[in-house]
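This is what each chain is made of:
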Amino acid sequence: MAKKEETPNMVEQFAEFKELKNIDKTTMISVLEDSFRKVLANMFTSDTNFDVILNPDKGDVQIFQNLEVVPDGEVQNPNTQISLTDARAEDDPEAEVGEEHSREIIFEKFGRRAILTLRQTLQSRILDLQKEAVYNKFKELEGELVTGEVYQTWSRETLLLDEDKNELLLPKAEAIPGDFFRKGETVRAVIAAVDNKNNNPKITVSRTNEQFLRRLFEIEVPEIHDGLISIRAVARIPGERAKIAVESYDDRIDPVGACVGVKGSRIHGIVRELRNENIDVICYTNNPSLFIQRALSPARISTIRLDEENKKAEVFLRPEEVSLAIGKNGHNIKLATMLTGYEIDVYRDTEMSYEDDIFLDDFRDEIDGWVIDTFKNAGCVTAKSILNTPREELLEKTDLEEDTVDDVLAILRREYEDDEEAEATEATEE
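What counts and how
- Residues numbered from 1 in each chain as written.
- Predicted model: local features only at pLDDT ≥ 70, side-chain atom pairs only at ≥ 80, totals over all residues.
- Heavy atoms only, no water.
- Pairing = 2+ DSSP bridges.
- Helix = DSSP H or I, 4+ residues; strand = E, 2+ residues; numbered from the N terminus.
- Axes fitted to C-alpha atoms, helices over the stretch in contact; angles between N-to-C directions.
- Phe/Tyr/Trp six-rings, centres within 6.5 Å; stacked < 30°, edge-to-face > 60°.
- Buried < 20%, exposed > 50% of the residue type's maximum accessible area, 1.4 Å probe, protein only.
- Lys NZ or Arg CZ within 6 Å of the ring centre and 35° of its normal.
- Contact = heavy atoms within 4.5 Å.
- pLDDT = per-residue confidence, 0-100.
- Core = buried A, V, L, I, M, F, W, Y, C linked by side-chain atoms within 4.5 Å.
- Polar contact = N/O pair within 3.5 Å; in protein donor to acceptor, adjacent residues only side chain to side chain.

1. Details of the sheet that holds strand β14 (residues 312–317)
What the 3 strands build is an open sheet, ordered β13-β14-β15; its pairing is mixed. Of all strands in the sheet, those with a lone pairing partner are β13 (301–307) and β15 (343–348), marking the two edges. Averaged over neighbouring strand pairs, the angle between their axes works out to 20° when direction is ignored. In this sheet, β15 lies alongside β14 in parallel orientation, the contact comprising 6 bridges. The partner of F316 across the bridge, within β15, is Y347.

2. So, the packing of aromatic side chains
The tally for this structure, following the rule as stated, stands at 3 aromatic pairs. With a centroid separation of 5.0 Å and an interplanar angle of 50°, the aromatic rings of F44 and F50 are classed as tilted. In this pair, the class of F44 matches that of F50, namely buried. Judged by centre distance (5.1 Å) and plane angle (70°), the rings of Y284 and F291 are edge-to-face. Under the relative-accessibility criterion, Y284 is labelled partly exposed at 23%. Its relative accessible area of 6% is what places F291 among the buried residues. When the ring centre of Y151 is taken as origin, the NZ or CZ atom of K183, which lies over that ring, is 5.1 Å away. Above the face of the F359 ring, R300 is positioned so that its terminal group lies 3.5 Å from the ring centre.

3. Some details on the sheet that holds strand β10 (residues 229–237)
One open sheet holds the 3 strands; their spatial order is β10-β11-β12, and the pairing between them is mixed. In this open sheet, the two strands that pair with only one neighbour each are β10 and β12 (278–283). The sheet shows a mean angle of 20° between the axes of neighbouring strands, direction not considered. Each of β10, β11 (241–248) and β12 is contacted by helix α5 (residues 210–220), which is oriented at about 140° to β10, the strand it contacts most. The strands touched by helix α11 (residues 331–340) within the sheet are β10, β11 and β12, with β10 carrying the most contacts at an inclination of about 135°.

4. Let's talk about unusual backbone geometry
Among all residues save glycine, negative phi is the norm, and among peptide bonds the norm is trans. Looking along the chain, the bond that leaves S297 and enters P298 is cis, with omega of 15°. One non-glycine residue, K263, lies in the positive phi region at around 55°. Following the sequence through the fold, K263 ends up in the loop between α7 (255–260) and α8 (265–273). Positive phi, close to 55°, is recorded for K311, a residue that is not glycine. Within the secondary structure, K311 sits in the loop between β13 and β14. By relative accessible area, which is 41% here, K311 ends up partly exposed.

5. Looking at the confidence of the model for the chain
Scored by pLDDT, the chain comes out at a mean of 86, with 89% of its residues at no less than 70. Put simply, helix α1 (residues 6–21) is where the chain has its lowest mean pLDDT, 49, and strand β9 (residues 202–206) is where it has its highest, 97. Note that residues 1–10 has pLDDT below 50 and, in this model, 18 contacts with residues that lie over four places away or in other chains.

6. Section: the nonpolar core
In this structure, I292, L296, I301, V315, L317, L339 and I344 are the most contacted members of the largest nonpolar core, which totals 25 residues. Of the residues forming this core, the biggest block, 4 residues, is contributed by α11. With residues near it in sequence (within four places) discarded, I344 still touches I292, L296, A313, V315, I333, A336 and T337. Counting residues in each nonpolar core, the second largest holds 23 residues, with I224, V246, A258 and I267 among its members.

7. Brief notes about helix α9 (residues 288–295)
Taken across its 8 residues, α9 has 6 buried, putting it largely inside the fold. Every buried residue of α9 is accounted for by S289, L290, F291, I292, Q293 and A295. Where α9 starts, the residue carrying a side-chain oxygen 3.0 Å from the main-chain nitrogen of S289 turns out to be N287.

Structural data, given as structure tokens:
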């Protein structure tokens, strides 16, 4: 009697596995049937003439062997044939030669070895299904944020376990410089890669991937999560500095202000998560000249020459602005290059004197803001960068009306004429 209970028990165990691992009923039935058929094939050389009927919900398993009825004494293969006399003796009194006779197989009667083989087959298939389910689940989650608990740390990687005890590997190269984890600590990262070599899923997570920064902003900034603000570009030097370009789809929302938050309330949490990585948030624009200018912030450039075909930019700056453009250890210009996709070369503009040069933004009380922005988009950021550019070239670069360009030139010249008159007056008085 003990042996008869083993097969239903295995079904119940598989049903429990199904519930825990979210394996659908159809797959569960298929695995059970395949397992039984594999054992039957080993015992009877073939499983083609067997019917396996499963009811996993109740734990019922019925197996029928379909045999061809042949005249007495002509049975050549007892695995596929049965004599007429034997068929009629097995509760089939109306059996006839040439018909099919179904014999129920009581699996438990084949002994402990058969049951053990079935159990091992089930366990192997269950393990394969489990690995396949893990791979499929995480493959769909590549680039998404995941949280794991530190289980063990080695010199080259850290092993994390998620809430379902799935193993996540965080290589040292994918950790932020300065990351130090203790066992039991909770760590956030993004799923960087999922491999399934030899049906052995390997889930690699990263904290240096740009997607990690994107996902953190989505959590901290509701407007990004809701789709009102879009992250258009991200550049990172993990643990040092990052630049992120954002764009608002609602004119009423300031994308930079929304990302930073009141007194930096939103961005501070992200900075702490990234081990005090400095983050510059800028407004995205599809104007490459203006985008490069913003990407090089806090440096203020004088002029810019673009080669859009080869994605190159020559940026000219006042001597005191060059170090700001390059940044500590070259981080600022490197991030600007990564963010914009342009190869940026920085030059000191020594052709003109900047001692008395003035940035265009200082003329907003005399020149309309949109006109100033048009000149800046054309690469003219200071007064002298405009005054030293031929009028025809200004018209071509800005596509402004002649009267508008002439008015701007007049305002800028008047500024310097007034300065010269003031200097002359001072000299006369002396």
